[in-house]
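# Reading the structure
The lines below spell out each chain.
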Amino acid sequence: MAKKRVPKGKIVVSFVAIAISIVLITSVANRVMSMLHAKRQYEQLVAQRDALKKERKNLDQEVKELNNDDYVVRYARDNYIFSKDGEKAVIVPQE
């Protein structure tokens, strides 16, 4: 039995087709990885935005409270040991 010889043109076309397939598969894989990275980054940014919104809400509430004179006096007395005239401030150790 004689072996059939494959023309060189078909071999070259086959290698070119394989090379193009490898390039296309690599390109698609890179785009998929890029999209996954962008999705992770987006989720992190959304979480960061939500945390900043919560912090802003807390800070807005604190600003409202600091505009209240009674709150400011109570806060200063509790945290900075301010006292009224004639009072003595005593620090009680916390357990």
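What you see is a predicted model, and the numbers here were worked out from it, not measured in a lab. (Residues numbered from 1 in each chain as written. Predicted model: local features only at pLDDT ≥ 70, side-chain atom pairs only at ≥ 80, totals over all residues. Heavy atoms only, no water.)

## Things to note about the overall build of the protein chain
Note the following rule: Strands here mean DSSP runs of E at least two residues long; helices mean DSSP runs of H or I at least four residues long; both are numbered from the N terminus. Note on areas: Shrake-Rupley, 1.4 Å probe, and residue coverage restricted to the protein chains presented here. Only four residue types enter the tally: Lys and Arg on the positive side, Asp and Glu on the negative side; His and the chain ends are excluded. By convention, the point assigned to a charge is CZ for Arg, NZ for Lys, CD for Glu and CG for Asp.
When its secondary structure is counted, the protein chain shows two helices and zero strands. Counting only C-alpha atoms and orienting by the principal axes, one finds that the protein chain spans roughly 120 × 30 × 15 Å. For the protein chain, the accessible area works out to roughly 9,800 Å², and carbon and sulfur atoms hold 60% of it. Of the side-chain charges in the protein chain, 18 are positive and 12 negative, and the distance between the mean point of each set is 32 Å.

## Observations concerning the UniProt feature "coiled-coil region" (unreviewed entry) in the protein chain
Filter applied, for reference: UniProt positions are given in the numbering used here, feature names are shortened, and annotations may be inferred rather than shown by experiment.
Under the feature "coiled-coil region" (unreviewed entry), the UniProt entry names residues 35-69. In residues 35-69, helix accounts for 94% and strand for 0%; the two terminal C-alpha atoms are 53 Å from one another.

## A closer look at the pattern of salt bridges
Keep this limit in mind: By definition, a salt bridge exists where a carboxyl oxygen of Asp or Glu is found within 4 Å of a side-chain nitrogen of Lys or Arg. For the exposure calls, accessible area comes from a 1.4 Å probe over protein chains only, and a residue counts as buried if that area is under 20% of its type's maximum, exposed if over 50%, partly exposed in between.
In the structure shown here, the tally under the stated rule is two salt bridges. Its salt-bridge partner being Arg49, residue Asp50 comes within 3.2 Å of it at the nearest N-O pair. The class for Arg49 is partly exposed, based on a relative accessible area of 42%.

## Here we look at the environment of Ala19
Along the chain, Ala19 turns up in helix H1 (residues 8-66). With relative accessibility at 40%, the residue Ala19 sits in the partly exposed group. C-alpha separation for the pair Ala19 and Ala51, spaced 32 residues apart in sequence, amounts to 48 Å.

## A word on a nonpolar patch on the surface
Our working rule: In this scheme, patches are assembled from residues that exceed 30% relative accessible area and form no salt bridge. Like charges are connected within 9 Å, while nonpolar side chains (Val, Leu, Ile, Met, Phe, Trp, Tyr) are connected within 5 Å.
On the surface, a cluster of nonpolar side chains totalling about 500 Å² of accessible area is made up of Val6, Ile11, Phe15, Ile18 and Ile22. Note that Val6 resides in the segment before H1. For Val6, a relative accessible area of 51% gives the class exposed.

## Comments concerning helix H2 (residues 69-80)
An α-helical segment advances 3.6 residues per turn. Residues three or four places apart therefore align on the same side. We apply this condition: Under the convention used throughout, the expected extent of a helix is 1.5 Å for every residue step, that is, one less than its residue count. Counting of polar contacts relies on pairs of N or O atoms within 3.5 Å, with two restrictions inside protein: one atom must be capable of donating a hydrogen and the other of accepting it, and residues adjacent in sequence are counted only when both atoms are side-chain atoms.
With twelve residues, H2 extends 16 Å from end C-alpha to end C-alpha; this agrees with the ideal 16 Å at 1.5 Å per step. For H2, the N-terminal capping position is held by Asn68, with its side-chain oxygen 3.0 Å away from the main-chain nitrogen of Asp70. Ile81 lies just past H2 and shows a positive phi near 55°.

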